[in-house]
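Structural overview
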Amino acid sequence: MSYQFEHSMVGDLRKMHAQLVEPVSYQLPIGEQMVELNHLLNQLIQLEYLGEIHCIHCGRRSKKSFSQGYCYPCFKKLPQCDTCIMSPEKCHYHEGTCRDSQWADQFCMTDHIVYLANSTGLKVGITRVNQIPTRWLDQGAVQALPIVKVSTRQQSGLLEKALKQQLNDKTNWRALLKGNAELIDLQQERDKLAPLLDQAIAELQEKFGIQAVQPLTDSEVVSIGYPVNEYPSKIITHNFDKIPLVNGKLMGIKGQYLILDTGVLNIRKFTAYNVKMSW
């Protein structure tokens, strides 16, 4: 079916920008331009993959996207694509084998937060201090509570690994798109973790120093609402690699997902894809 649209933009997709207001405000980068998405709720939109992928680091044309937007050479050499990004406790900076120590100084050897969140139930997570609340919005969390501040990414990974003895660290994306999670008393959950948390903090302080690992006992829970008019009863996913044309009425935005009446589209997954968006 052919639709008539008044507006269109062409460019490479980037992950959505989000601001913590009520509800969350979303903008979708298309090349150098921004599309204000909240204004398009209940409107028909269309995204067409034009057949090219351009690496978000070097701009090289790539047949496939690696690690959400990189070409293969960049994926193999850049520090932000190293295995320690997904498993921070495996950081090898101190061994002198970091892919780019200057990059690590800026992004890894800096203050991080370990937090509890509720996206599809209770989970533990980590992020740089300057990525709060962006990290929570990207995950579609409806609640979040910082619990510990540490001085490096590796320390946050070590603490997260200890807490994963009792907590999940994953989000069930299908449940995320079927509705909001039931609210949790995150402060109470933090208190329940006290024996395990205190032990893990003490061990890290002994290794890295007291000032490097600081519990955040006075943090307040952050509550987050998303611009979703209607959740799908059945999850159908759009995939540009299989069907390059996606259209439908925009019913909501949550995390990095567009929720259409025809299915959901994970924008983060298709970062670097060259598209034409119409509305």
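The protein chain carries the name DUF2797 domain-containing protein in an unreviewed UniProt entry, which gives Spartinivicinus poritis as its organism.

A few words on the overall build of the protein chain. Across its full length, the protein chain holds eight helices and 15 strands. Burial statistics for the protein chain: of 279 residues in total, 49% are counted as buried. Contacts spanning at least 24 positions in sequence make up 69% of the contacts within the protein chain whose residues lie at least 6 apart. Accessible area for the protein chain stands at about 14,300 Å²; split by element, carbon and sulfur atoms hold 47% of it. For the protein chain, the distance from the average site of its 30 positive side-chain charges to the average site of its 28 negative ones is 9 Å.

Okay, helix α8 (residues 194-208) next. Across its 15 residues, α8 extends 20 Å between first and last C-alpha, which sits within 8% of the 21 Å expected from 1.5 Å per residue. Listed in full, the buried residues belonging to α8 are Leu196, Leu197, Ala200, Ile201 and Leu204. The arc that holds every buried residue of α8, seen down its axis, measures 125°, which confines them to one face. Away from its buried face by more than 90 degrees, α8 exposes Pro195 and Glu206. On its buried side, α8 packs onto β9 (143-150), α5 (153-163) and β10 (213-215). Backbone geometry just downstream of α8 places Gly209 in the positive-phi region, at approximately 105°.

This part takes up the packing of α5 against α8. Packing of α5 against α8 brings their axes to within 10 Å, and their N-to-C directions diverge by 150°. Compared by their axis directions, α5 and α8 come out roughly antiparallel. Crossing handedness for the pair α5 and α8: right-handed. When α5 is examined against α8, the residues Gln154, Gln155, Leu158, Leu159, Ala162 and Leu163 are found in contact with a partner set consisting of Leu196, Leu197, Ala200, Ile201, Leu204 and Phe208. Split by residue class, the contact of α5 with α8 holds ten nonpolar, two polar and no charged.

Our focus in this paragraph is the sheet that holds strand β3 (residues 25-30). Spatial strand order, β2-β3-β4: three strands in an open sheet with antiparallel pairing. The open sheet is flanked by β2 (17-19) and β4 (33-36), the only strands paired with a single partner. The sheet shows a mean angle of 25° between the axes of neighbouring strands, direction not considered. Direction of pairing for β3 relative to β4: antiparallel, over a ladder of four bridges. Paired with Ile30 across the bridge in β4 is Gln33.

Below, the discussion takes up the nonpolar core. One recurring pattern in soluble globular proteins: nonpolar side chains tend to sit buried together. Counting residues in each nonpolar core, the largest one holds 49 residues, and the members touching the most others are Leu28, Leu37, Phe240, Leu258 and Met277. Sorting the residues of this core by element identifies β3, β5 (44-54), β7 (112-118), α4 (134-139), β12 (245-254), β13 (257-260), β14 (263-266) and β15 (273-278) as the ones contributing at least two each. Leaving out residues up to four positions away in the same chain, Phe240 has contacts with Leu13, Leu47, Tyr49, Val246, Leu265, Phe270, Tyr273 and Val275. By size, the runner-up hydrophobic cluster in this structure holds 21 residues, among which are Leu163, Ile201, Leu204 and Ala212.

Moving on to the pattern of salt bridges. Taken as a whole and judged by the stated rule, the model has nine salt bridges. One salt bridge in this structure joins Arg99 and Asp82, with 3.8 Å as the shortest N-O distance. Of the two residues, Arg99 is situated in the loop between α2 (83-86) and α3 (101-107) and Asp82 in the loop between α1 (72-77) and α2; the sequence distance between them amounts to 17 residues. The residue Arg268 makes a salt bridge to Asp138 at a minimum N-O spacing of 3.8 Å. Residue Arg268 is found in the loop between β14 and β15, and its partner Asp138 is found in helix α4; the two are separated by 130 residues along the sequence. A network of salt bridges, in which partner residues are shared, links Lys15, Asp138 and Arg268.

Procedures and definitions
- Residues numbered from 1 in each chain as written.
- Predicted model: local features only at pLDDT ≥ 70, side-chain atom pairs only at ≥ 80, totals over all residues.
- Heavy atoms only, no water.
- Helix = DSSP H or I, 4+ residues; strand = E, 2+ residues; numbered from the N terminus.
- Buried < 20%, exposed > 50% of the residue type's maximum accessible area, 1.4 Å probe, protein only.
- Contact = heavy atoms within 4.5 Å.
- Areas by Shrake-Rupley, 256 points an atom, 1.4 Å probe, with all protein chains shown as cover.
- Lys, Arg positive; Asp, Glu negative; His and termini not counted.
- Charge placed at Lys NZ, Arg CZ, Asp CG, Glu CD.
- Expected span 1.5 Å × (residues − 1).
- Arc of directions from axis to C-beta.
- Axes fitted to C-alpha atoms, helices over the stretch in contact; angles between N-to-C directions.
- Parallel < 35°, antiparallel > 145°, perpendicular 65-115°, else oblique.
- Left-handed = near helix turned anticlockwise from the far one by under 90°.
- Nonpolar A, V, L, I, M, F, W, Y, C, P; charged D, E, K, R; others polar.
- Pairing = 2+ DSSP bridges.
- Core = buried A, V, L, I, M, F, W, Y, C linked by side-chain atoms within 4.5 Å.
- Salt bridge = Lys/Arg side-chain N within 4 Å of Asp/Glu carboxyl O.

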